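A structural walkthrough
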Amino acid sequence: MSVLAALAAHYDRLERCHDVVPFGFTRERITFGLVLSTDGEAVACDDLRLGAKGQSHGRPMTVPRSFKRSGIKPPPFFLWDNSRYVLGLGRPAEGSEPRAYADRAAAFRDWHELLFDGMDDPGLLAVRCFLRSWTPERFGQAPFSPALLDRTIVFRLAGDTDADGRPRFLHDRPAARAVWEPHASDGDRPEAVCLVSGCTAPTARLHPAIKGVWGARKTGASLVSFHQAAFTSHGKRQGDNAPVSEAAAFRYGAALNALLAPGRRATLRIGDTTTVFWADAAVHGEAAARRVEALVTAALRPTGPPVPVRDGNDRRQTGRSWDWLGAPSAAQAVGLGIDPGIGVHILGLAPNGPRLSVRFWQELTAGALLDRLSAHWDDLRLEPPAWKTPPSPAALLYALARQGRPETIPPQLAGELMRAILTGHRYPRSVLTAVLQRLRAGDPIDGPRVALCKAILQRDARLYRRRTTDPSTGPNKGVPVSLDRTESDQAYRLGRLFAVLENTQRAALGRLNASVRDRYYGAASATPASVVPGLLRTTTHHLAVLHRDRRTRRLAVWFEREIDEIMRDLDMSLPRQLPPAGQGRFAIGYYQQRHARKPAPESADPVPQPEE
């Protein structure tokens, strides 16, 4: 299913839950409501603004649809608009004197005169009487005030209420909706086979503006547009190049805007990519779909997926754990209370000028999503642990930041990383390159950076064994989760050796302004043949210092045993240069050796391990 078709189908679910507006309507912020008597006189003005004084904004309200307006004679909206159309008055600039907009007021009046011809509804007739008698000179009289200028205005018939007894605005009256229904679409558009629904219907000239994507225009950007000649073909203009019916365009736009609305938990940002997700409710019901969406929210946000636990008072709480990751997806789904067969849609969007770019689009089941998330977190598994709880994709990217500044993270990596997680394919190799650059630049060789190296190499190894990558480039060896003294990989053993040499220097000379790691890590991880022999010669002097002191003599013996054990299976024709994958294994070996616990002593007289 395409992105547009999936969003159009999701509109049906949102409409059942009353989370979207019907076709031909839109959700706008309205600031004032003019209360009219049956003869068209303005008897009051409802202030619909919300928020504190000075920071007020209009109340969200479902009104007849708005559209993009341009040109010297932009058309008016139906039964609502800003003061330049409704009253013919506005301010050209902040703090300036009011100015008359007679042409726009005339367009608003003539449009409603045309639509109300032959109507006998009291509310519609009241609006027509008001527009016929209105002149800007009456603006100084009550209930009008300067606060109405350049604000959105609707109409209400005095004393009119809905079935619940609440005041009802004119555009909500059945007669107004009946008048608007034939004009809900553009009307003069040619018919064609819709690429979304497959039905023959009038096509949309312009697709809806999508709001809420981070970095995009606040007024909205188009997911589909043909605003330059290079995007058109065969002389067609705008939406005729890829016909989508007005109804389908409205449905997908309304659904996507609802997903991106502020406060929705189905939206998150990773780098420059805004991600939205939703589950299918057609087969398994609304409650089951919401449980799956809660799982995706927990999995992709900074906290890990929810695991039911109980506290001392036997009350159900939400805990975070790694334990569930090793179970099959069916068992995971049962433990989390979801149906593994529910479909999940995940869409990543990024700004691209007046348009939006689709960074990734995934359709999969909840069970498949659990499998891929488990594989992702298993690839990141490291001892000692890099995180206390499973990290979100956004948290992973902080390991690439220079000097801890998130704005230095390459923005395109967010979409590439998320795509790799959701598809199970290779992680972007540029992530490994970025991590190695940070390590060579002197950033700490900490758990998150080493875990990223391990995840990239581990996934490449697994995909190689499954013959899903190029055999000429993929490795065939996995990466140990914790310190593996039997691992014979050259780069891994060199990393272990470098950690022991660093600990030897610290034990012999104490803490220095520039340690072995500070001076030589970058060179040792990239060109070990030029650095490691010299470090070994220096280490003999450090060991001699430890041997001379009775308190550290046994420590020197333990260091010598560690060095001998590492070098026993190390090819002494050291590589002149390690490729990026080798540098990643070097970092893993260094981290695990430096943080590993000392094995059980072979004698009753143990040798103490140096403190970090």
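Worth saying up front: this structure is predicted, and the values here are computed from it rather than measured.

Thoughts on the side chain of Asp121
Position of Asp121 relative to the elements: it lies in the loop between α3 (102-115) and α4 (122-133). Polar side-chain contacts of Asp121 include one of 3.2 Å to the backbone nitrogen of Leu124. Within the structure, the side chain of Asp121 is placed 2.9 Å from the side chain of Arg173, a separation counted as a polar contact. Beyond its immediate chain neighbours, meaning those up to four positions away, Asp121 contacts Arg173 and Ala175.

Observations regarding the environment of Leu400
Inspection of the secondary structure assignment puts Leu400 in the loop between α10 (393-397) and α11 (412-423). Sequence-wise, Leu400 and Arg449 are 49 residues apart; in three dimensions their C-alpha atoms are separated by 7.8 Å. With residues up to four places along the chain from it excluded, the contact list for Leu400 reads Ile409, Leu413, Val431, Ala434, Val435, Arg438 and Leu452.

Some details on the nonpolar core
In this structure, Leu223, Leu256 and Leu347 are the most contacted members of the largest nonpolar core, which totals 117 residues. Excluding residues within four positions of it along the chain, Leu223 makes contact with Val3, Leu4, Ile210, Tyr252, Leu256, Leu349, Leu356 and Val358.

So, unusual backbone geometry
Keep in mind that most residues, glycine aside, have a negative phi and that most peptide bonds are trans. A cis amide bond links Ala142 with the next residue in sequence, Pro143, at an omega value of 5 degrees. Its location among the elements puts Pro143 in the loop between α4 and β8 (152-161). The peptide bond linking Glu383 to Pro384 adopts the cis configuration, its omega dihedral lying at -5 degrees. As for its position among the elements, Pro384 is in the loop between α9 (366-380) and α10. The backbone of Leu79 sits at a positive phi, close to 60 degrees, despite the residue not being glycine.

Concerning the pairing of strand β18 (residues 343-352)
Burial of β18 is extensive: 8 of the 10 residues sit out of reach of the surface. In this sheet, β18 lies alongside strand β15 (residues 273-279) in antiparallel orientation, the contact comprising 6 bridges. Counted as the bridge partner of Trp278 is His345 from β18. Note: β18 against strand β19 (residues 355-365), 10 bridges, orientation antiparallel. Across the sheet, the residue bridging to Gly348 is Phe360, located in β19. Hairpin connection of β18 to β19: 2 residues between the antiparallel strands, including Gly353 at a positive phi of 70 degrees.

A closer look at the packing of aromatic side chains
In this structure the tally under the stated criterion is 16 aromatic pairs. A ring pair is formed by Tyr11 and Phe250, whose centres lie 6.0 Å apart and whose planes are at 70 degrees; its orientation type is edge-to-face. In this pair, Tyr11 sits in helix α1 (residues 3-16) while Phe250 sits in helix α6 (residues 246-259), placing the two residues 239 residues apart along the sequence. For the pair formed by Tyr11 and Phe250, the shared burial category is buried. Ring centres of Phe139 and Phe144 lie 6.2 Å apart, and the angle between their planes is 35 degrees; on these two criteria the pair is classed as tilted. Note on Phe139: relative accessible area 12%, which makes it buried. Residue Phe144 is classed as buried on the basis of its relative accessible area, which comes to 9%. A network of ring pairs unites the aromatic residues Phe130, Trp134, Phe139, Phe144 and Phe155 as a single cluster. A cation over a ring is seen here: Arg269 above Trp214, with NZ or CZ 3.6 Å from the ring centre.

What counts and how
- Residues numbered from 1 in each chain as written.
- Predicted model: local features only at pLDDT ≥ 70, side-chain atom pairs only at ≥ 80, totals over all residues.
- Heavy atoms only, no water.
- Helix = DSSP H or I, 4+ residues; strand = E, 2+ residues; numbered from the N terminus.
- Polar contact = N/O pair within 3.5 Å; in protein donor to acceptor, adjacent residues only side chain to side chain.
- Contact = heavy atoms within 4.5 Å.
- Core = buried A, V, L, I, M, F, W, Y, C linked by side-chain atoms within 4.5 Å.
- Buried < 20%, exposed > 50% of the residue type's maximum accessible area, 1.4 Å probe, protein only.
- Pairing = 2+ DSSP bridges.
- Phe/Tyr/Trp six-rings, centres within 6.5 Å; stacked < 30°, edge-to-face > 60°.
- Lys NZ or Arg CZ within 6 Å of the ring centre and 35° of its normal.

Purely spatial values, then, with no claim about function.
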